[in-house]
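A closer look at the structure
Letter by letter, the chains look like this.
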Amino acid sequence: MNSKIRDEHTNRLFEAILLLENVDECYSFFEDICTVAEIKALAQRLEVAGMLKDKKTYSEIAEATGVSTATISRINRCLVYGADGYKMIFDRMEGKE
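Residues numbered from 1 in each chain as written. Predicted model: local features only at pLDDT ≥ 70, side-chain atom pairs only at ≥ 80, totals over all residues. Heavy atoms only, no water.

An unreviewed UniProt entry lists the protein under the name Trp operon repressor family, with Anaerobacterium chartisolvens as the source organism.

1. Let's talk about the overall build of the protein
Within the protein, the regular secondary structure consists of six helices and zero strands. Moving toward the C terminus, one meets the helices and strands of the protein in the order α-α-α-α-α-α. Taking the principal axes of its C-alpha atoms as reference, the protein extends roughly 35 × 30 × 30 Å. Counting across all 97 residues of the protein, residues that qualify as buried make up 14%. A separation threshold of at least 6 residues defines the contact pool for the protein, and within that pool the share at least 24 residues apart is 32%. (Helix = DSSP H or I, 4+ residues; strand = E, 2+ residues; numbered from the N terminus. Buried < 20%, exposed > 50% of the residue type's maximum accessible area, 1.4 Å probe, protein only. Contact = heavy atoms within 4.5 Å.)

2. Examining the nonpolar core
If you look at the biggest cluster of nonpolar residues, it comprises nine residues: Val-48, Ala-49, Met-51, Leu-52, Ile-61, Val-67, Ile-72, Ile-75 and Phe-90. Looking at this core, the elements that each hand over two or more residues are α3 (36-53) and α5 (69-81). In terms of residue count, the dominant contributor to this core is α3 (four residues). Dropping the residues within four chain positions of it, Leu-52 is found in contact with Tyr-58, Ile-61, Ile-72, Ile-75, Asn-76 and Leu-79. (Core = buried A, V, L, I, M, F, W, Y, C linked by side-chain atoms within 4.5 Å.)

3. Things to note about unusual backbone geometry
Positive phi values are uncommon outside glycine, yet Lys-55 reaches one of about 70 degrees. Structurally, the position occupied by Lys-55 is in the loop between α3 and α4 (58-65). Here Asp-84, not a glycine, exhibits a phi torsion of approximately 70 degrees, which is positive. Counting through the fold element by element, Asp-84 comes out in the loop between α5 and α6 (85-96).

Structure (structure tokens):
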């Protein structure tokens, strides 16, 4: 766990997110707390991570998503060296399908 982001305010944010009960509540909360661009950027990062997990090339990902190769590389570093957050979510998402 990255201690650089852990603090009282971030804990409160994450605790609030855990209280959301469905997708509609997520839309309501995130539309209030984030800009549309921030929400779209988060969604795009998850999409890129999924494409990397599926062994797509950087050029395929950049073409499909419009994301720069620098951003793709940063997301790939998180997949390889990060806190395994993407892996945890993808495992859970696959378990729901």
